[in-house]
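Descriptive structure summary
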Amino acid sequence: MNAPFYKYGYFGDELYLIAAFAIGIAFGFFLERAGFGSAKKLTAQFYFTDMAVFKVMFSAIVTAMLGVFYLSWFGVVDLDLVFVNPTYLVPQMTGGLLLGMGFIIGGYCPGTSLVALSTGKVDALVFLAGIVAGIFVFGEAYPAIEGFASSTALGTVTLHEALGVSMGLVVFAVVLMAVLGFWGASVVERRLAEKAGGAV
Amino acid sequence: MTSVEEYAAGGRQPAPFMNPYLAGIGLGLVLLTAFVAVGRGLGASGAFSTLVASCVNALAPAHAEGNTFYEGYLHNGFGHPFKSFLVFEVAGVLIGGFLSGALAGRLKKVVERGPRIGVGGRLGLAFLGGALMGVGAKLARGCTSGQALSGGAVLALGSWAFMIMVFVGGYAMAYFVRRQWR
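So, a few notes on the structure that sits alongside this text. On a predicted model such as this, the values are computed, not experimentally measured, just so you know.

Thoughts on the overall build of chain B
- Per the secondary structure count, chain B includes 10 helices and zero strands.
- What you see in chain B, going N to C, is helices and strands ordered as α-α-α-α-α-α-α-α-α-α.
- When the backbone C-alpha atoms are referred to their principal axes, chain B occupies close to 50 × 40 × 30 Å.
- A total of 182 residues make up chain B; the buried ones form 56% of that total.

The following block contains the structure:
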């Protein structure tokens, strides 16, 4: 058995799109289960009262990362055929900063605004209209900012390649960082709950 | 937990949210399934780029044709821009979110906001935040799902730099919009 299945030709383009649809259903389901259809729940991360964003995000990253790492180690997944986002360092950092500001101002990110919309949040619909407007502005400005948007292009470079260490070491460090982060998040939440009068 | 109380006040008692670690493991397994089955991760903002590019192309084809950003999305997909991974995935996200919300009794038409802001103010900030996010996500070539989650799990350097800056931006701005939420 060789994976990624689609890249090895186990199924064609039509099944690829059906797989995308099915994966989307599961993605949306777990986002909503986690409470990410709620802007108040999401933004509480930035006031330290509910660190669910960090907890969910990092347990997801760790789960998928360990899965990919072990499956490639056992020779099931060919890592060279898995898409790794190419790095454009400065535009990505600038975009991340804008996106983080948009997150706390608007209350959602693109994926979570979709599950918020599907559970009835009117503000999520307006937020999505804002995303479309933002993308249109970006698209219209693209000829002028194309140089910056494609600057500091480092190609598909991973953390372990950049640091010159093994993938296993970075995987271990990410797991360690996540576990320490989970512990820290629970301490902060408890402190703030005590300060607020013991109501959890 | 405020949102739960708020909903409860409206009548039916919604189910509590899932344990964040369990929900995260669930999301991680979905992401892993995507890597194994199709060789790519999740996303969201790209589907909206396809929508915008298609609209511009329908209204002003010559204008869209000269723009490499729009062209990239117009030539994506199997024969039609909408026959692409992210458009199908995003359609699924809407349905999956609805299913989970319906099963938990969390479907309710509401403008989510803190006690110290009006509906108009909240909707204005939602639009502004969305617009900033639209620009940011395109500049970063992905959003929280495409970059932070998917790129993070395959340890892409740029995705981790992006993720750190998302938290920096959020925490830096949080104080100024606190009246919206708290």
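A closer look at the overall build of chain A
- Within chain A, the regular secondary structure consists of eight helices and two strands.
- Along its sequence from the N terminus, chain A presents helices and strands in the succession α-α-α-β-α-α-α-β-α-α.
- By its C-alpha atoms, chain A is 55 × 45 × 35 Å across when sized along the principal axes.
- Burial statistics for chain A: of 200 residues in total, 52% are counted as buried.
- Counting only contacts in chain A whose residues sit at least 6 apart along the sequence, the fraction spanning at least 24 positions is 64%.

Some thoughts on the nonpolar core
- Of all hydrophobic cores here, the largest spans 119 residues; its most connected members are Phe30, Ile61, Ala64, Met65 and Val68 of chain A together with Leu31 and Phe35 of chain B.
- Setting aside anything within four residues of it in sequence, one finds isoleucine 61 of chain A in contact with Gly28, Leu149, Gly152 and Ala153 of chain B.

Comments concerning the interface of chain B and chain A
- Between chain B and chain A, the residue contacts involve 113 residues of the former and 110 residues of the latter.
- Put simply, the parts of the chain that give the side of chain B that touches chain A at least two residues each are helix 1 (2–9), helix 2 (20–38), helix 3 (45–59), helix 5 (68–74), helix 6 (85–103), helix 7 (119–139), helix 8 (144–153) and helix 9 (157–174) of chain B.

Concerning helix 9 of chain B
- Here helix 9 of chain B is 18 residues long and its end C-alpha atoms lie 26 Å apart, about the 26 Å a rise of 1.5 Å per residue gives.
- Within helix 9 of chain B, 13 of the 18 residues are buried, leaving the element largely enclosed by the surrounding structure.

So, the environment of glycine 170 of chain B
- Within the secondary structure layout, glycine 170 of chain B lies in helix 9.
- Under the C-beta neighbour-count criterion, glycine 170 of chain B is labelled buried, with 24 such atoms within 10 Å.
- Not counting residues within four places of it along the chain, the set of residues in contact with glycine 170 of chain B comprises Phe46, Gly100, Phe103 and Ile104 of chain A.

Digging into helix 4 (residues 89–106) of chain A
All names here are of chain A.
- The terminal C-alpha atoms of helix 4, which comprises 18 residues, lie 25 Å apart, in line with the 26 Å expected from a rise of 1.5 Å per residue.
- For helix 4, a buried count of 16 out of 18 residues is recorded, marking the element as mostly surrounded by other parts of the structure.
- Positive backbone phi, at 100°, marks glycine 107, one or two positions downstream of helix 4.

Quick notes on the packing of helix 3 (residues 52–73) of chain A against helix 8 (residues 167–195) of chain A
Residues and elements named next belong to chain A.
- One can describe the packing of helix 3 onto helix 8 by two numbers: an axis separation of 10 Å at closest approach and a directional angle of 160°. If you check the angle between helix 3 and helix 8, you find them roughly antiparallel. Considering how the two elements wind past one another, helix 3 and helix 8 form a crossing that is left-handed. Every residue of helix 8 that contacts helix 3 at Phe54, Lys55, Phe58, Val62, Met65, Leu66 and Phe69 is listed here: Met167, Val171, Val174, Val175, Ala178, Gly181, Phe182 and Ala185.
- Residue composition of the contact of helix 3 with helix 8, grouped by class: 13 nonpolar, one polar and one charged.

Side note on unusual backbone geometry
- Geometrically, the link from alanine 3 of chain A to proline 4 of chain A is a cis peptide bond, its omega value of -5° lying close to zero.
- Here proline 4 of chain A lies in the segment before helix 1 (13–33).
- In the Ramachandran plot, phenylalanine 48 of chain A falls in the positive-phi region, its phi being about 65° despite a non-glycine side chain.
- With respect to the secondary-structure elements, phenylalanine 48 of chain A resides in the loop between helix 2 (39–43) and helix 3.
- Classification of phenylalanine 48 of chain A by C-beta neighbours within 10 Å gives partly exposed; the count is 14.
- For leucine 155 of chain B, which is not a glycine, the phi torsion comes out positive at approximately 60°.
- Given 23 C-beta atoms within 10 Å, leucine 155 of chain B falls into the buried group.

Overview of the packing of helix 1 of chain A against helix 5 (residues 110–118) of chain A
Residue and element names in this part refer to chain A.
- Here helix 1 crosses helix 5 at 80°, and the two axes come no closer than 9 Å. Judged on the interaxial angle alone, helix 5 and helix 1 are roughly perpendicular. Note on element contacts: helix 5 touches helix 1 through Gly111, Thr112, Leu114 and Val115, opposite Gly28, Leu31 and Glu32.
- Of the residues assigned to the contact of helix 1 with helix 5, the class counts are three nonpolar, three polar and one charged.

Quick notes on the rules
Residue numbers restart at each chain and count upward from 1, following the sequence in its written direction. For naming, the first written chain is A and the first written ligand is 1, with later ones following in the order written. Only residues with pLDDT of at least 70 get local features here, since the model is predicted, and only at 80 or more are side-chain atom pairs given and counted; chain-wide, interface and lining totals rely on the full set of residues. Strands are runs of DSSP state E lasting at least two residues, helices are runs of H or I lasting at least four, and both sets are numbered from the N terminus onward. Remark: C-beta atoms are placed from the backbone, and a residue is labelled buried if 20 or more other C-beta atoms sit within 10 Å of its own, exposed if 12 or fewer do, or partly exposed between those counts. Here, residues touch in the contact sense if the C-beta positions derived from the backbone fall within 7 Å of one another. To define a nonpolar core, we join buried Ala, Val, Leu, Ile, Met, Phe, Trp, Tyr and Cys residues through C-beta atoms within 7 Å and take the resulting set. Working rule for helices: expected span equals 1.5 Å times residues minus one. Every axis corresponds to a line fitted to the C-alpha atoms, with the helix fit spanning only the stretch in contact, and the corresponding angles, defined between N-to-C directions, vary from 0 to 180 degrees. Roughly parallel refers to an angle under 35 degrees, roughly antiparallel to one over 145, roughly perpendicular to one between 65 and 115, and oblique to any angle outside these ranges. Left-handed describes a crossing whose near helix is turned anticlockwise from the far helix by less than a right angle; the clockwise case is right-handed. Ten residue types, Ala, Val, Leu, Ile, Met, Phe, Trp, Tyr, Cys and Pro, are classed as nonpolar, four, Asp, Glu, Lys and Arg, as charged, and the remainder, Gly among them, as polar.

That is the geometry; function is a separate question.
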